Amino acid sequence: MSVECFCLTKRYGRKLALEDVSLEINDGGVTGLIGPNGAGKSTLIKLITGLIWPTEGFVLVDGYDAHREHVKAMRRIGAIIEWPSFIPALSAGANLDIFSGGHGKQYRAKRDEILRFMELNTVLDRKVGSFSTGMKQRLGITLALLPDSEFIILDEPTNGLDPAGIVEIRQIIREYNRRFGVSVMVSSHLLSEVEQICDNLILIDDGKLKAWGEIGELLCEHPRLRIRVDRPAAAAELLRSRETSVMDITTEEIFVEIEAEQAGGVNRMLVEAGFSVSHLAVERQTLESFFLRETGGGE
Ligand code: ADP
Ligand code: MG
């Protein structure tokens, strides 16, 4: 199962919402789609699921064109986009049956298994109108998983949730992926959330693709050096004067952007200038600093 985007451009009238995006998502993991509000995340998801037509470019899902062969392409994809509106006066079970169009013994067995996993099995007969936001989100994920999906796409599933609800949804996504091997694409404007559950990352900003790939690899591309030194501000000034990029300074440490093999040189430079360096370590970048670097400020 793969999703391939080729030179996707989307205009809404004069608004260029997505520009020339090409990428590929393969089986297996959790892919995080991040970008500030208005970056084009929902637009990309709607294009991948064939809900809107691209201005230019095309999408292949499982080898089928997401627009021209929509039914075949979507056979094994479940998506929740900008969250479904369930019918409040009907029970959770009735809502699932109506929106999934499912019936029969096999369907009910599958439905009940997912509901147990989502911890919604005890509220099957309760009206959705009485559900909390978190329960509705979990019901939404259930709906996405129902048609034997191998790949589910969730657009900002933690929007509107409190911190506990966010943790809960995060765990559900991670755990479901691990246990059942369902690939997940999840969008968010919250960096920490994506950093915690995703294997792969797609970063878009202002309609442009800024980065995509395995999250560990992306963050290791430009490592940072953590230096504990007696006079951080003065040490930072020295490093800046020698054209070393200082990312951050605290009362005890400075962080510089660096190639791993340059760490020894930085240490020598500081020691020779009379600084006392007590700790030096090459670390992977945080998603936040990666994001700021790629978006040139961003959020
Ligand atoms: P995100 O999901 O990252 O917040 P969207 O994909 O929803 O971003 O939107 C990207 C840009 O396109 C935004 O500037 C938004 O205002 C604009 N946009 C989205 N949908 C429409 C539409 N139907 N008509 C006009 N502009 C739109
Ligand atoms: Mg959106």
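Placed above this text is the structure.
Computed from a prediction, not measured in an experiment: that's the story for all the values here.

Trainee: Can you help me understand the site of ligand 1 in this one?
Mentor: Surrounding ligand 1, one finds Y12, K15, A17, P36, N37, G38, A39, G40, K41, S42 and T43. Within the contact set of ligand 1, an oxygen atom lies 2.7 Å away from a backbone nitrogen or oxygen of G38. Contacts to ligand 1 include A39, whose backbone N or O atom sits 3.2 Å from an oxygen atom. Computed on the free molecule, ligand 1 has an accessible area of 560 Å², of which 62% lies beneath the protein chains in the complex. Within the residue set of the shell around ligand 1, elements represented by two or more residues are β2 (15–25) and α1 (41–48). If one sorts the elements of the shell around ligand 1 by residue count, α1 sits on top with 3 residues. Split into classes, the residues belonging to the shell around ligand 1 amount to 4 nonpolar, 5 polar and 2 charged.

Trainee: Before we go on, may I ask you to explain the nonpolar core in this structure?
Mentor: It is characteristic of soluble globular proteins that their nonpolar side chains tend to be buried jointly. Among the nonpolar cores identified, the biggest contains 47 residues, and M118, L139 and L154 are the most heavily contacted of them. The greatest single-element share of this core, amounting to 6 residues, is contributed by helix α5 (residues 133–145). In this structure L154 touches I45, I80, I141, A144, I173, V184, M185, V186 and S187, once residues within four positions along its chain are discounted. Core analysis: the second largest hydrophobic core is formed by 27 residues, V61, A66, I77 and I153 among them.

Thresholds applied
Residues numbered from 1 in each chain as written. Chains lettered and ligands numbered in written order. Predicted model: local features only at pLDDT ≥ 70, side-chain atom pairs only at ≥ 80, totals over all residues. Heavy atoms only, no water. Near = heavy atom within 4 Å. Polar contact = N/O pair within 3.5 Å; in protein donor to acceptor, adjacent residues only side chain to side chain. Areas by Shrake-Rupley, 256 points an atom, 1.4 Å probe, with all protein chains shown as cover. Helix = DSSP H or I, 4+ residues; strand = E, 2+ residues; numbered from the N terminus. Nonpolar A, V, L, I, M, F, W, Y, C, P; charged D, E, K, R; others polar. Core = buried A, V, L, I, M, F, W, Y, C linked by side-chain atoms within 4.5 Å. Buried < 20%, exposed > 50% of the residue type's maximum accessible area, 1.4 Å probe, protein only. Contact = heavy atoms within 4.5 Å.

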